[in-house]
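# Descriptive analysis of the structure
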Amino acid sequence: MTSSTNGAFDRKPFIAGNWKMNMDHVQGITLLQKLAWTLSDAKHDYSRVEVAVFPPFTDLRGVQTLVQGDDLDIAYGGQDLSQFDSGAYTGDISGQFLNKLGCKYVLVGHSERRTIHNESDDVLNAKVKAAFKHGVTPVLCVGEGLEVRQAGTHVNHTLEQLRAGVAGLTSEQAAELVVAYEPVWAIGTGEVAGPEDAQEMCAAIRAELASLFDADVAAKTRLLYGGSVKANNAAAILKERDVDGLLVGGASLDPAEFANIVRFESHLVAD
Ligand SMILES: O=C(CO)COP(=O)(O)O
């Protein structure tokens, strides 16, 4: 066992909550406090399963203060960053600002950014590089919409997004990167890709990383699944070999439900 595993998993499982545009900074503190209390009551072992939240930008300072003040072992990050360092980019947030706020991670290319904000693969590649430049680990989101899934070209489609997103990265960066597979048709719809769908794509992503970089890199990169994850389906998805964690939307707004997802190991049923 190495420090990057928990013994049962090839990579340390990573459970992340994407709050999206929910929770103002006061609500956000309450949510995080409740989550921390629930996990502490359940004696959650953070060395086995890493926990992170992605609040709105306006919550981050309060989250930082709480995490530092209460010495919480919960990581946090931004939901987006600019590809630029600073300057005349009204409304944008630099990776440097996120780093200064103690963000360990940042989401890049969430499907809601790709569709609502028309973020292109080139822009997202620049954002991935900007995150690394500023010492923040990007969580690159990829995944297909319903039409692509129905046409059966979902693997190619998603791997194209992956290749574009990781272009020009060093092997070290690729090993540190987190990739989240989020089929758009399963986000906020109650439709969950089955564990075998999540595994199919995560295995394809890992194989692609092995061919773009090498097998050692691919063995280190953590791959998450996201899309209508709840406490009652988390364990089954995480049993899949190439799925290392979950990116949770709606269910991360309920501290009890999210804590149960974090504690998925207690729901694992032996084969
Ligand atoms: O988009 C997601 C996480 O980033 C998934 O959202 P839901 O869990 O609400 O489907």
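Residues numbered from 1 in each chain as written. Predicted model: local features only at pLDDT ≥ 70, side-chain atom pairs only at ≥ 80, totals over all residues. Heavy atoms only, no water.

The name an unreviewed UniProt entry assigns to the protein is Triosephosphate isomerase, from the organism Arthrobacter nitrophenolicus.

## What about the overall build of the protein?
Our working definition: Per the convention used, a helix needs a DSSP run of H or I reaching at least four residues, while a strand needs a run of E reaching at least two, with both numbered from the N terminus. Our radius of gyration looks at C-alpha atoms and nothing else; its globule reference is 2.2 Å times the residue count to the power 0.38. Between buried and exposed lies partly exposed: a residue is buried under 20% and exposed over 50% of the maximum accessible area for its type, with that area taken using a 1.4 Å probe on protein chains only. Throughout, a contact is declared for two residues whenever any of their heavy atoms are within 4.5 Å. Accessible areas in this description were obtained via Shrake-Rupley with a 1.4 Å probe; residue shielding takes into account the shown protein chains only. Charged-residue counts in this description rest on Lys and Arg as positive and Asp and Glu as negative, His and the chain ends being excluded. Lys charges are placed at NZ, Arg charges at CZ, Asp charges at CG and Glu charges at CD.
When you go through the protein residue by residue, the secondary structure sums to 12 helices and eight strands. At 17 Å, the protein has a C-alpha radius of gyration in line with the 18 Å of a compact globule built from 271 residues. In terms of its C-alpha atoms, the protein occupies a principal-axis envelope of roughly 55 × 45 × 35 Å. Residues counted as buried form 51% of the 271 residues belonging to the protein. Considering only contacts within the protein whose residues lie at least 6 apart along the sequence, 74% involve residues at least 24 apart. Counting every atom, the protein has about 12100 Å² of accessible surface; 51% of that belongs to carbon and sulfur. Taking the average place of the 23 positive charges on the side chains of the protein and the average place of its 36 negative ones, the gap between the two points comes to 4 Å.

## Notes on the site of the ligand
For the record, the criterion: Each residue is tested against the molecule or strand, and it is near if at least one of its non-hydrogen atoms lies within 4 Å. Polar contacts here mean pairs of N or O atoms no more than 3.5 Å apart (in protein, one a potential hydrogen donor and the other a potential acceptor; neighbouring residues in sequence count only if both atoms are side-chain atoms). Classes in brief: Ala, Val, Leu, Ile, Met, Phe, Trp, Tyr, Cys and Pro nonpolar; Asp, Glu, Lys and Arg charged; the others, Gly included, polar.
In the vicinity of the ligand, 13 residues are found, and the nearest of them are Lys20, His110, Gly188, Ser228 and Gly250. Glutamate 182 places a side-chain nitrogen or oxygen 3.0 Å from an oxygen atom of the ligand. A distance of 2.6 Å separates an oxygen atom of the ligand from a polar backbone atom of glycine 188. Contact with the protein chains covers 96% of the free accessible surface of the ligand, which is 310 Å². Considering only residue class, the shell around the ligand consists of four nonpolar, seven polar and two charged.

## Side note on the nonpolar core
Quick reminder of the rule: For this analysis, a nonpolar core means a set of buried residues of the types Ala, Val, Leu, Ile, Met, Phe, Trp, Tyr and Cys, connected via side-chain atoms within 4.5 Å.
In terms of nonpolar packing, the biggest core is built from 69 residues, with Ile15, Leu32, Ile205, Tyr225, Leu246 and Ile261 touching the most fellow members. When residues in this core are grouped by element, the largest group, six residues, is from helix α9 (residues 195–212). Residues contacting tyrosine 225, with those up to four places away along its chain left out, are Tyr181, Pro183, Ala186, Val192, Ala193, Ala198, Ile237, Val243, Gly245, Leu246 and Leu247. Counting 13 residues, the second-largest nonpolar core is a separate cluster that includes Tyr105, Leu107, Val139 and Leu247.

## Some remarks on the pattern of salt bridges
What counts, and what does not: Whenever Lys or Arg places a side-chain nitrogen within 4 Å of a carboxyl oxygen from Asp or Glu, that contact is recorded as a salt bridge.
Evaluated as defined, the whole model comprises 18 salt bridges. Among the salt bridges present, the one from lysine 20 reaches glutamate 112, with a minimum N-O distance of 2.9 Å. Of the two residues, lysine 20 sits in the loop between β1 (14–18) and α1 (25–41) while glutamate 112 sits in helix α4 (residues 111–116), which places them 92 residues apart along the sequence. When the shortest N-O distance is used, the salt bridge between aspartate 80 and lysine 127 registers 2.9 Å. With aspartate 80 in the loop between β3 (75–78) and α3 (95–100) and lysine 127 in helix α5 (residues 121–133), the pair connects residues that are 47 residues apart, well separated along the chain. In this pair, the class of aspartate 80 matches that of lysine 127, namely buried.

## With respect to the sheet that holds strand β2 (residues 50–54)
Short version of the rule: The rule for pairing is simple: two strands pair if DSSP sees at least two bridges between them. To get an axis, a line is fitted to the C-alpha atoms, and for a helix only the part in contact is used. The angle between two axes follows their N-to-C directions and goes from 0 to 180 degrees.
Strands sit in the order β1-β2-β3-β4-β5-β6-β7-β8 around a closed barrel of eight strands; the barrel is parallel. Direction aside, the axes of adjacent strands within the sheet are offset by 25° on average. In this structure, β3 lies alongside strand β4 (residues 105–108), joined through two bridges in parallel fashion. Looking at the pairing, glycine 77 lines up with tyrosine 105 of β4.

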